[in-house]
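Coordinate inspection notes
Here is how the chains run, residue by residue.
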Amino acid sequence: MAIRELDSTPSLATLYPKALLGGVLHKPSGGELPDTELVRTGVVVDPAHLAAYNAVCGFRLSDELPATYPHMLAFPLQMALMTEPGFPFPLLGMVHVANRITQHRALRLAEPLTVRVRTENLRPHEKGRQFDVVSEAWTGDDLVWRDVSTYLRRGSGSGSSSRREQLVPPTPDAIWRVPGDIGRRYAEVSGDRNPIHLHALTARLFGFPRAIAHGMWTKAHALAAFEGRLPEAFTVDVRFKQPVLLPAKAGFTSWATPEGWAFELWSASKPHLEGSISSL
């Protein structure tokens, strides 16, 4: 694998126009994923940014990073990798279908991190092809955090179909009232300014009747419900189902399992998110 160390964090302001242009001009090669890993050393968290992220996602103010926060540090590298000319799929139209984060220990605000991002495991899906974007945070020689985001590129599929039989949502423990501007607010802290999240008008250009919430915001907001009960080392694994159309009212349900917890988010009869938390 080719290791490419970056001198600075990629600019999302430059990468988004590149992604939009690539969506128009990109000719899918159907080839292999790039054998490249992007690396950024000496990454330090900005306290003001962490506070803003915590406020948007529902975490308490603390010098301990939520397990979902390092995704913010890796996201520019993810974008840079997936907008390179040799990438086999255009970023525009990609669907984030799952995310698994493993925290090996709690991360603190002042810790300098090395962030590494690569792609792997291109495989069939019932609706096209899917692959993983693997992001890691290291302190010295220790892997402290790992994130696997699974993306779907729609097309002719060859994977096996799996359908959930449950049609009636469980009785919620809490009702989420998700404001119509949460996509713009999360975009401010995450840098993820995909047009489907920002306004109804831009979302309709991509087939959505209204703007939709970021999947990683729903995961972070769900994880915030477990604050104070989480072990130091754990994995939180989610699958994104139907998008959350903004504004929204959704029911959140959680229950204990032998490994930790499970949780779901529903609106009426539509499942938005299902996930689990398990101790390491």
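Rules behind the numbers
Residues numbered from 1 in each chain as written. Predicted model: local features only at pLDDT ≥ 70, side-chain atom pairs only at ≥ 80, totals over all residues. Heavy atoms only, no water. Domains from an automatic or database assignment. Contact = heavy atoms within 4.5 Å. Buried area = accessible area lost by both parts, 1.4 Å probe. Salt bridge = Lys/Arg side-chain N within 4 Å of Asp/Glu carboxyl O. Pairing = 2+ DSSP bridges. Helix = DSSP H or I, 4+ residues; strand = E, 2+ residues; numbered from the N terminus. Axes fitted to C-alpha atoms, helices over the stretch in contact; angles between N-to-C directions.

**Topic: the domain arrangement of the protein**
In terms of domain boundaries, the protein breaks down into domain 1 (1-161) and domain 2 (164-279). Domain 1 and domain 2 are separated by 19 Å when their C-alpha centres are compared. With 29 residues of domain 1 at the contact, the number on the domain 2 side is 29 residues. Across the domain 1 to domain 2 interface the summed buried area is about 2,500 Å²; carbon plus sulfur atoms make up 60%. The interface formed by domain 1 and domain 2 contains zero salt bridges.

**Side note on the sheet that holds strand β4 (residues 113-125)**
Strand order in the open sheet formed by 11 strands is β1-β2-β4-β5-β6-β3-β8-β11-β10-β9-β7, with mixed pairing between adjacent strands. Every interior strand has two partners, whereas the edge strands, β1 (2-5) and β7 (174-178), have only one. Strand-to-strand twist across the sheet, computed as the mean angle between neighbouring axes with direction ignored, equals 20 degrees. Where strand β8 (residues 234-240) and strand β11 (residues 270-279) come together, seven bridges link them in antiparallel fashion. Bridging from a neighbouring strand, Val236 pairs with Ile277 of β11.

**Overview of the side chain of Asp192**
Structurally, the position occupied by Asp192 is in the loop between α4 (182-190) and α5 (200-204). Discounting residues that sit within four places of it in the chain, Asp192 has contacts with Tyr16, Phe75, Ala187, His197 and His214.

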